[in-house]
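Breakdown of the fold
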Amino acid sequence: MMVMLFPSLQLPFGYSDPYILIMNILIFVFFIFMIFSGLILKVQSMQYLAQIREVITQLEKWSEEAKKTTIRMIRELGKPEKDPTPIVEDYMEFVLIEPVERDPSGVFKRLEHLLDVRKSRFDDLIAKLAPAADRDQRANIDMTFEAAMALRQMFLVIRHFYYMGKETNNYAMIVSIQVALSFIMKYAKAYYNALKAFNEGQPIGDGAGALVASIFKNEFVKDGNAESSEIAEDISLTPITFEGRNVLIVRAIGPGGRVGKPGDAIVNLIKEANGKIARVIMIDAGLKFEGEKTGKVVEGVGAAIGGPGVDKFKIEQEVTSQKVPVDAVIIKMSIEEALTPMKKEIYDGAYKAAERVKNMILERTKPGDTVIVAGIGNCIGIG
C-alpha cells in the first residue's frame, strides 16, 4: 500500500516491502530493550544483594555481641566453675518444633507442653551455668539469653535467603528480602537494645501492665501493703479491698525478668470463686500505629495478652464458660519501646491506665463484687 501511495519511495537496506522493514525494526528495538532491561535487573540485583550483605554483617555483629553479653552476665552473676562459652554457643540455635496444626484439636495443650519442657530445660541450664545467681538474677540471665537467641535466628534466616537468592539469581526473592530489610532491622535493633535493660535489670515498656497493677494497689488502696502469694507459676496474687469491692490483683513476680502464666492464675481464680467473679480487667502493652503517641491509653474488650496464645486461649475459654465480662486496657508503644528501658511517656501512661481501671471498677461493678485486675507483661525491674 505504501509503495502504491509513494511509488518513488526508496527503502533502505534493499527492502522492497515496508511492512517487513517495520517488523524488523520493532524486533530490533524489542531485542535491545530486553538486553538493557536484563542488564538493569542484574544491576539492581547486585545493589540489593550488597544492601542485604550489609544487613547480614550487622546482624552477625549484634548476634556476637549478644552472645558475649550473655556469657559475661553468667560469669559475673553466676560465678561458674567452668567456662560457660561452649554451652552458651551450643544453645544459641536451640529450636522449638511447634506441634502439628492440621489436626487443631488440642493444639494449645500440646504447644503448652512443649513450652513447659523448653522452659524447664533453660531453667536447669541457667541454674547449672550460674549457680551463685539468685532467682531474679537467673530470670534476667534467661531474658538476655532469649534476646541473644532471637538475634542469632534472624541472622541465620536472612543469611539463608541471601545465599538462596544469590545462587539462583532469583530477582523476586532478592527484592522480597530487600523490601523486608527495614522491618527486620527494626525488630533486630529492638532486641539488641533490649540487652542493656535485661543485663542491668531495668524496667522495659512491656512491663507497663504489671506496673499498672502495682500503681493501683499502692495509689488507690488503703491496705496497699497487703500480702501477696504465688498463685501460679511466677504469678503473684494480692487480694485487696477497694470501695467495698474485693479486688484480686494478678501480675508476674518481679523484679526478675518474668512473664509467668497469668492464664493459669485467672482460670484458677474464676473456678475457685464458683461463678462469683463480676469482671476481669486486663492491662497490657500494645503496639501503636505509626503516628500515634507513645503511652496512649485505650480501652476495649477481650483478653489483653500476647505471646504464643496458650494463656489467651485458657482465659477466653474460662470466661466464656462462666460468662464473665472481660475488659482490656492497652498502653500503646512501638516494638522498640516495648523491649527497651521504659520511657517516661509509658510510665505516665501507666498512671493514666490505673485511673481508667479505678473508674471501670466503680462504674461497672457494685460493692460486694469480686474483680480480677491482671497486669500482663514482663516484670523485669518492677518489684
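The preceding data block contains the structure.
Residues numbered from 1 in each chain as written. Predicted model: local features only at pLDDT ≥ 70, side-chain atom pairs only at ≥ 80, totals over all residues. Heavy atoms only, no water.

1. Here's the deal with the packing of aromatic side chains
Inspection of every chain in the model, using the stated rule, returns 9 aromatic pairs. Between the aromatic rings of Phe108 and Phe313, the centroid separation amounts to 4.7 Å while the plane-to-plane angle is 15°, which identifies the pairing as stacked. Of this pair, Phe108 sits in helix H4 (residues 107-129) while Phe313 sits in helix H9 (residues 310-322), placing them 205 residues apart in sequence. The exposure class assigned to Phe313 is partly exposed, which follows from its relative accessible area of 33%. Through pairs of rings, three or more aromatic residues link up here, namely Tyr91, Phe94, Phe122 and Phe145. (Phe/Tyr/Trp six-rings, centres within 6.5 Å; stacked < 30°, edge-to-face > 60°. Helix = DSSP H or I, 4+ residues; strand = E, 2+ residues; numbered from the N terminus. Buried < 20%, exposed > 50% of the residue type's maximum accessible area, 1.4 Å probe, protein only.)

2. Some words on unusual backbone geometry
Between Gly254 and Pro255 the backbone carries a cis peptide bond, its omega angle lying at 5°. Along the chain, the position of Pro255 falls in the loop between strand E3 (245-252) and helix H8 (262-272). The residue Lys79 is not glycine, and still its phi comes out positive at about 50°. Positionally, Lys79 belongs in the loop between helix H2 (18-78) and helix H3 (85-91). The backbone phi angle of Lys323 is positive, close to 55°, even though this residue is not glycine. Along the chain, Lys323 falls in the loop between H9 and strand E6 (326-333).

3. A closer look at the sheet that holds strand E5 (residues 297-301)
Taken together, the 7 strands give an open sheet; going across it, the order is E1-E2-E3-E7-E4-E6-E5, and neighbouring strands pair in mixed fashion. Strands with a single pairing partner mark the edges of an open sheet, and in this sheet they are strand E1 (229-232) and E5. When strand polarity is set aside, the average angle formed by the axes of neighbouring strands in this sheet is 30°. Here H8 sits on the sheet and contacts E1, strand E2 (235-242), E3, strand E4 (277-287) and strand E7 (370-375); the angle it forms with E1, its principal contact strand, is near 95°. Along the sheet, helix H11 (residues 344-364) makes contact with E2, E3, E4, E5, E6 and E7, crossing E6 at roughly 165°. (Pairing = 2+ DSSP bridges. Axes fitted to C-alpha atoms, helices over the stretch in contact; angles between N-to-C directions. Contact = heavy atoms within 4.5 Å.)

4. Notes on the pattern of salt bridges
All told, the structure shown has 30 salt bridges when counted by the stated rule. Glu64 serves as the salt-bridge partner of Lys67, at 3.1 Å between the closest nitrogen and oxygen. With Lys67 and Glu64 both in helix H2 and 3 residues apart, this pair spans about one turn of that helix. For Glu64, a relative accessible area of 29% corresponds to the partly exposed category. Measuring nitrogen to oxygen at the nearest pair gives 2.8 Å for the salt bridge that ties Lys358 to Glu355. Of the two residues, Lys358 and Glu355 are both situated in helix H11; the distance of 3 residues between them amounts to about one turn of the helix. Residue classification places Lys358 among the buried residues on the basis of a relative accessible area of 18%. Here the salt bridges do not stand alone but share partners, grouping Lys119, Asp123, Arg135, Asp136, Glu230, Glu233, Asp234 and Arg258 into one network. (Salt bridge = Lys/Arg side-chain N within 4 Å of Asp/Glu carboxyl O.)

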